[in-house]
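# Tertiary structure, described
Chain by chain, the residues:
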Amino acid sequence: MDIYDSPEYKRSRGAYIVQCAMYYLVTLLVTDVFLAKLLGSIGIKDSLIGIISSFVSLAFLIQLFSIFLLRLKVSRKRLVITLDTIGICFFMLLYLVPFIPVSTEIRTVLVIVSVVIAYAGNYLISTICFKWANSYVDPEKRGSFSSTKEIFSLASGIIFTIIIGYIIDRYEGIGNQKGGFLFIAITILILNMSNIICYAMIKKEDGTEQKKEEHPMSEIFKNVIGNKNYRNVIVLSIMLETAKYFTIRFMGIFKTKDLVLSVFAVQVINMAANIIRILVSKPLGKYADKHSYAKGIELGLYILGAGFLLNMFTTKSTWFLVVLFTILYNCSQASTNQNSFNITYNYVDYKYISQAMAIRNSIAGICGFAASIIAGKILGIIQANENQVFGVHIYGQQLLSAISLVIVVIAILFTKKVIEKQKVIIQ
């Protein structure tokens with residue numbers, strides 16, 4: 001019997017799928033309109049909200065330390081469970097900040113610290129977890145498995161966000177916004193417990209795994225940074241993250257404040273977008289398995305570019321365009337997210353997969369955060385000028401989308417002319 005068909009491997013894959021869904025539900029509660037509502041209630045400015053949302057990118061820098069974690073004589077499974085649990089606890093703390101009787105300035109600091117620590121807990125172990133849990137997946141079916149994993153998370157998220165969005169709107173309707181925040185905090189606690197159970201069901205790593213990870217730093221950098229083909233992948237990741245963070249982290253406040261959409265309405269839009277993403281996820285996964293992960297990323301970039309193009313024309317009177325933007329953005333994620341992980345197998349020896357992903361994510365994350373800082377300043381200037389640019393009324397997010405579109409076009413050309421022409425490793 002094929003080892004990948006064994007009960008232990010099947011159980012591990014199933015648990016990994018559910019675990020990803022649990023963490024995905026947590027992230028839904030700390031992004032977009034939910035986070036925008038929380039930060040807005042504290043009194044944080046719109047431009048700063050986008051920057052705080054983008055601290056997720058800065059936290060990617062922490063992934064570099066995962067290289068050193070791999071050298072510790074500890075169980076990968078125990079390490080993953082401990083750090084991820086701590087991270088999610090800080091996400092829960094985020095929604096308890098409004099109850100702390102301190103000034104807005106101190107609350108802002110608490111929010112930033114909580115966001116950074118929360119994401120750091122996950123990013124320290126994300127590449128370690130990916131290699132560990134993904135080792136129970138047939139190498140020839142990685143694209144299809146990734147799409148299955150994504151479909152389950154999205155389907156769960158659709159139901160989850162609709163329910164949570166409705167409940168939060170009800171709390172706001174009776175003038176008890178803090179009650180809604182407490183409800184979210186309790187929900188995150190329950191999800192955290194479920195996350196731990198899922199991890200516990202995944203097969204523990206092979207006893208020889210630790211020995212395999214003990215590579216000198218010089219050897220790691222030689223085989224990752226010194227690898228020209230993978231350096232090009234890092235460049236592509238930088239462009240992709242920069243394009244996304246220049247606009248996406250400012251869309252939550254745009255939807256609720258400028259387009260005047262309710263939390264429930266936004267979640268209905270997200271639900272529709274995720275349903276379509278579910279429908280296209282499997283075909284996109286098979287497309288990547290058949291053609292290449294690079295081709296899959298390129299297709300996702302075309303879809304992403306179309307979304308930014310439409311968002312350039314989104315106003316209060318053409319609010320429906322944000323629906324199309326959300327759909328296109330979600331579909332692009334179905335093609336770029338998992339392929340960005342899987343493409344590492346094409347250019348880096350399996351021994352250095354975790355380290356390679358950590359290095360790439362850290363560099364791309366820093367660039368994404370820098371992009372959000374610049375975008376935040378641009379948004380602040382436009383809003384301070386009453387949404388006027390050279391006498392023309394324009395929302396800051398429209399201009400940010402135009403800049404993102406230019407970056408996406410460059411990324412498409414780079415993928416086609418450079419990445420797709422590189423020789424791949426079959427492993």
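Read on for a plain summary of the structure.

### With respect to the overall build of the protein
Counting its secondary structure elements, the protein contains 19 helices and two strands. When the backbone C-alpha atoms are referred to their principal axes, the protein occupies close to 60 × 45 × 40 Å. Split into buried and exposed, the 427 residues of the protein put 57% on the buried side. Within the protein, contacts between residues separated by at least 24 positions form 87% of all contacts whose residues are at least 6 apart in sequence. Total accessible area on the protein stands at roughly 17,600 Å², and carbon and sulfur atoms take up 69% of it.

### Some remarks on the pattern of salt bridges
Taken as a whole and judged by the stated rule, the model has five salt bridges. Across the pair Lys 244 and Glu 241 runs a salt bridge, and its minimum N-O distance is 3.4 Å. Taken together, the positions of Lys 244 and Glu 241, both in helix α12 (residues 228–245) and three residues apart, correspond to about one turn of that helix. Glu 241 matches Lys 244 in its accessibility class, with the two residues each being buried.

### Brief notes about the packing of aromatic side chains
The final tally for this structure, using the stated rule, is 14 aromatic pairs. For the pair Tyr 95 and Phe 181, a centre-to-centre distance of 5.9 Å together with 50 degrees between the ring planes defines the contact as tilted. Of the two residues, Tyr 95 sits in the loop between α6 (76–94) and α7 (104–134) while Phe 181 sits in helix α9 (residues 177–201), which places them 86 residues apart along the sequence. Exposure remark for Tyr 95: the relative accessible area of 0% places this residue in the buried category. Classification of Phe 181 by relative accessible area gives buried; the value is 4%. Ring centres of Trp 132 and Tyr 199 lie 6.4 Å apart, and the angle between their planes is 25 degrees; on these two criteria the pair is classed as stacked. Of this pair, Trp 132 sits in helix α7 while Tyr 199 sits in helix α9; the two residues are 67 residues apart in sequence, bridging distant segments of the chain. By relative accessible area, which is 5% here, Trp 132 ends up buried. Take Tyr 199: its relative accessible area is 1%, and that puts it in the buried class. Among the aromatic residues, those joined into a ring-pair cluster are Phe 130, Phe 341, Tyr 345 and Tyr 350.

### Some words on the packing of helix α1 (residues 7–28) against helix α8 (residues 142–173)
Contact geometry of α1 with α8 gives a least axis separation of 9 Å together with a crossing angle of 40 degrees. Classed by the angle they form, the pair α1 and α8 counts as oblique. Relative to α8, the crossing made by α1 is right-handed. From α1, Arg 13, Tyr 16, Ile 17, Val 18, Cys 20, Ala 21, Tyr 24, Leu 25 and Leu 28 reach across to α8, where they touch Phe 145, Thr 148, Lys 149, Phe 152, Ser 153, Leu 154, Ser 156, Gly 157, Phe 160 and Thr 161. Considering only residue class, the contact of α1 with α8 consists of twelve nonpolar, five polar and two charged.

### Let's talk about α9
The end-to-end C-alpha separation of α9 is 37 Å, in line with the 36 Å expected for 25 residues at 1.5 Å each. Considered for burial, the residues of α9 that qualify are Gly 179, Gly 180, Phe 181, Ile 184, Ala 185, Thr 187, Ile 188, Leu 191, Asn 192, Asn 195, Cys 198 and Tyr 199.

### Considering the environment of Lys 316
Looking at where Lys 316 falls in the secondary structure, it is placed in the loop between α15 (293–311) and α16 (321–342). Separated by 57 residues in the primary sequence, Lys 316 and Leu 259 place their C-alpha atoms 4.9 Å from one another. For Lys 316, the contacting residues outside a window of four places in its chain are Asp 258, Leu 259, Val 260 and Tyr 395.

### A short note on the side chain of Ser 332
Considering the arrangement of structural elements, one finds Ser 332 in helix α16. When residues no more than four places from it in sequence are discounted, the contact partners of Ser 332 are Gly 300, Ile 303 and Leu 304.

### Some details on the environment of Ile 269
Mapping Ile 269 onto the fold places it in helix α14 (residues 263–290). Ile 269 sits 24 residues away from Tyr 245 along the chain, and the two C-alpha atoms are 20 Å apart. If sequence neighbours within four positions are ignored, Ile 269 has contacts with Leu 261, Val 322, Val 323 and Thr 326.

### Considering unusual backbone geometry
At Val 260, a position not held by glycine, the phi torsion is positive, near 55 degrees. Of note, Val 260 is situated in the loop between α13 (251–258) and α14. Look at Val 260 and you get exposed, because its relative accessible area is 52%.

### Observations concerning the state of the cysteines
Scanning all chains against the criterion turns up zero disulfides. Considering cysteine sulfurs only, Cys 20 is the nearest to Cys 129, which forms no disulfide, with 6.7 Å between them. Exposure remark for Cys 129: the relative accessible area of 6% places this residue in the buried category.

### A look at the packing of α1 against α9
Two measures define how a pair of helices packs: the angle their axes make with one another and the distance between the axes. Between α1 and α9, whose axes approach to 8 Å, the crossing angle comes to 160 degrees. The orientation of α1 with respect to α9, classified from their angle, is roughly antiparallel. For α1 against α9, the interelement crossing comes out left-handed. Judged by residue contacts, Arg 11, Ser 12, Ala 15, Val 18, Gln 19, Met 22, Tyr 23, Leu 25 and Val 26 of α1 engage Ile 188, Leu 191, Ser 194, Asn 195, Cys 198, Tyr 199 and Met 201 from α9.

### Details of the environment of Gly 300
Among the secondary structure elements, Gly 300 is positioned in helix α15. With 31 residues separating them along the chain, Gly 300 and Cys 331 place their C-alpha atoms 7.4 Å apart. Contact partners of Gly 300, with chain neighbours within four places excluded, come to Ser 332, Ser 335 and Thr 336.

Definitions and cut-offs
- Residues numbered from 1 in each chain as written.
- Predicted model: local features only at pLDDT ≥ 70, side-chain atom pairs only at ≥ 80, totals over all residues.
- Heavy atoms only, no water.
- Helix = DSSP H or I, 4+ residues; strand = E, 2+ residues; numbered from the N terminus.
- Buried < 20%, exposed > 50% of the residue type's maximum accessible area, 1.4 Å probe, protein only.
- Contact = heavy atoms within 4.5 Å.
- Areas by Shrake-Rupley, 256 points an atom, 1.4 Å probe, with all protein chains shown as cover.
- Salt bridge = Lys/Arg side-chain N within 4 Å of Asp/Glu carboxyl O.
- Phe/Tyr/Trp six-rings, centres within 6.5 Å; stacked < 30°, edge-to-face > 60°.
- Axes fitted to C-alpha atoms, helices over the stretch in contact; angles between N-to-C directions.
- Parallel < 35°, antiparallel > 145°, perpendicular 65-115°, else oblique.
- Left-handed = near helix turned anticlockwise from the far one by under 90°.
- Nonpolar A, V, L, I, M, F, W, Y, C, P; charged D, E, K, R; others polar.
- Expected span 1.5 Å × (residues − 1).
- Disulfide = S-S within 2.5 Å.

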